[in-house]
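# Fold and geometry: a report
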Amino acid sequence: MRILVTGGAGFIGSHLVDKLMENEKNEVIVVDNYFTGSKDNVSQWIGHPRFELIRHDVTEPLLIEVDQIYHLACPASPIFYKYNPVKTIKTNVIGTLNMLGLAKRVGARILLTSTSEVYGDPLVHPQDESYWGNVNPIGVRSCYDEGKRVAETLMFDYHRQHGIEIRIARIFNTYGPRMNIDDGRVVSNFIAQAIRDEPLTVQLPGTQTRSFCYVSDMVDGLIRLMEGDNTGPINIGNPGEFTMLELAETVKETINSDVKIVTVENTPDDPRQRKPDITKAKELLGWEPKVKLREGLPLMEEDFRKRLGILRKN
Ligand SMILES: NC(=O)c1ccc[n+]([C@@H]2O[C@H](COP(=O)([O-])OP(=O)(O)OC[C@H]3O[C@@H](n4cnc5c(N)ncnc54)[C@H](O)[C@@H]3O)[C@@H](O)[C@H]2O)c1
Ligand SMILES: O=C(O)[C@H]1O[C@H](OP(=O)(O)OP(=O)(O)OC[C@H]2O[C@@H](n3ccc(=O)[nH]c3=O)[C@H](O)[C@@H]2O)[C@H](O)[C@@H](O)[C@@H]1O
């Protein structure tokens, strides 16, 4: 099986590549423009005969021969996707169109990593896949959440019009080793802050909730979805729900009990609550997350300490 992973030098993509490379029958090709990813994340595979790394921007057409496409390319952290919103929407729309064109030409199955942000600031809780969402079409997050909504539409139009085999995962907040240390997402921020003895910055009101999935669980869910018979969309995430204040307290308890927790201004359109209903993933994929937040945080701490060069006190 020859498998293309777009965005494979990023956080989730590189863990997916590790898992796919474990199977000796797989050849893996990573395509990435290194906007938020890095060669370091896949350095262990460079030079391996079953691995290839290509610097390429998915907004440009790509001509290769593959059997499966995991299409992850897109900046995921709000600070990066808002940095160049026009580029973000091009990546979601033109990038997905190009990958669907490739899938159509070579007859490959394609999986899109969509997002819980398609539910916007949800009025239904927890969110199941039948909910159409509450999304601001003209806000600062729209390049990402509306971009992913169009990407989902394109996937289904190619499926209906051209018979392309599609899979759509709606990913909820995922964390783990290899996240960019300063990428602004809440778990990476809090862990880096706790290690550096800096205050944990809870954005107001602090009662907003998220559900955090450890990356190995996420990769397992994505592969099951790709290998199964269901197009999705299917929510993949951990239903354990925490307020940002609870998350800060948990990081404090687990990593640095001396650290302070402060509140800071939030950004516009921040969703107030988010928790996946994973009934479909359980029933159709036989999948549910295994790693609890209190188990995943120390694994991420170890990776961050190594990269920051800051050892644990005592
Ligand atoms: N991590 C999460 O919590 C989360 C949640 C929901 C959805 N997702 C989705 O999962 C995917 C991976 O997210 P991640 O957390 O690993 O993010 P990431 O930013 O670490 O990885 C994205 C990768 O895509 C690459 N990329 C960006 N634009 C590109 C382009 N135009 N052409 C080629 N490569 C490009 C980046 O360089 C990076 O390597 C994204 O599609 C994201 O929307 C992630
Ligand atoms: O799961 C998803 O679908 C989406 O989740 C995240 O988006 P978001 O939940 O906004 O991620 P964070 O930036 O980590 O913010 C989470 C919460 O933490 C808060 N926050 C963030 C950073 C910080 O230092 N402190 C803090 O309290 C934010 O206000 C927000 O309420 C991802 O970054 C998106 O790529 C992804 O698609």
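To be clear, the structure that these remarks concern was listed above.
Let me begin by describing the structure that accompanies this report. Since we're looking at a predicted model, the values are computed, not measured.

Definitions and cut-offs
Residues numbered from 1 in each chain as written. Chains lettered and ligands numbered in written order. Predicted model: local features only at pLDDT ≥ 70, side-chain atom pairs only at ≥ 80, totals over all residues. Heavy atoms only, no water. Salt bridge = Lys/Arg side-chain N within 4 Å of Asp/Glu carboxyl O. Helix = DSSP H or I, 4+ residues; strand = E, 2+ residues; numbered from the N terminus. Buried < 20%, exposed > 50% of the residue type's maximum accessible area, 1.4 Å probe, protein only. Axes fitted to C-alpha atoms, helices over the stretch in contact; angles between N-to-C directions. Left-handed = near helix turned anticlockwise from the far one by under 90°. Contact = heavy atoms within 4.5 Å. Nonpolar A, V, L, I, M, F, W, Y, C, P; charged D, E, K, R; others polar. Polar contact = N/O pair within 3.5 Å; in protein donor to acceptor, adjacent residues only side chain to side chain. Near = heavy atom within 4 Å.

Quick look at the pattern of salt bridges now. For the coordinates displayed, the defined rule picks out 20 salt bridges. Of the charged contacts, one joins Lys87 and Asp57 as a salt bridge, the two residues approaching to 2.5 Å between their closest N and O atoms. One end of the pair, Lys87, is in helix α3 (residues 85-106); the other, Asp57, is in the loop between β3 (51-55) and β4 (68-71), and 30 residues separate them in sequence. Ionic pairing is found between Arg160 and Asp157, a salt bridge with its closest N-O pair at 3.1 Å. Pair noted here: Arg160 and Asp157 are both in helix α4 (residues 142-162), with a separation of three residues, about one helical turn. Relative accessible area serves as the criterion here: at 59%, Arg160 is assigned to the exposed category. Taken together, the shared-partner salt bridges in this structure form one network comprising Glu117, Arg141, Arg210 and Asp270.

Running from N to C, helix α5 (residues 186-195) and helix α7 (residues 244-255) cross one another at 35°; their axes reach a closest spacing of 10 Å. Note on packing geometry: the crossing formed by α5 with α7 is right-handed. Contacts between α5 and α7 involve Val186, Val187, Phe190, Ile191, Ala194 and Ile195 from the former and Met244, Leu247, Ala248, Val251 and Ile255 from the latter. Considered class by class, the residues forming the contact of α5 with α7 number eleven nonpolar, no polar and no charged.

Okay, unusual backbone geometry next. Following His125, the chain continues to Pro126 via a peptide bond in cis, the omega torsion being -10°. Position of Pro126 relative to the elements: it lies in the loop between β5 (109-115) and α4. The omega torsion across Leu204 and Pro205 is 5°, close enough to zero to call that bond cis. Locating Pro205 in the fold gives a position in the loop between β8 (200-203) and β9 (209-211). Despite not being glycine, Tyr34 has its phi angle at roughly 60°, a positive value.

For the rest of this paragraph, the subject is the side chain of His71. The residue His71 is located in strand β4 in this model. The exposure class of His71 is buried, given its relative accessible area of 2%. A polar contact is formed between the side chain of His71 and the side chain of Thr96, at a distance of 3.2 Å. Excluding its chain neighbours within four sequence positions, the residues that come into contact with His71 are Thr6, Val58, Gly95, Thr96, Met99, Ile110, Leu111, Leu112 and Thr113.

Mapped onto the fold, Gly176 is located in the loop between β7 (174-175) and α5. C-alpha of Gly176 to C-alpha of Lys39: the two residues are 137 residues apart in sequence and 18 Å apart in space. Contact partners of Gly176, with chain neighbours within four places excluded, come to Phe11, Tyr214, Val215 and Met300.

Around ligand 1, 29 residues are found, and the nearest of them are Ile12, Asp32, Thr36, Leu72 and Tyr144. Residue Phe35 places a main-chain N or O atom 3.0 Å away from an oxygen atom belonging to ligand 1. At 3.2 Å from a nitrogen atom of ligand 1 is found a side-chain nitrogen or oxygen belonging to Thr91. Secondary-structure elements contributing two or more residues to the shell around ligand 1 are α1 (11-21), β5 and α4. Among the elements that line the shell around ligand 1, the one with the most residues is β5, at three residues. Residues of the shell around ligand 1, tallied by class, amount to 13 nonpolar, twelve polar and four charged.

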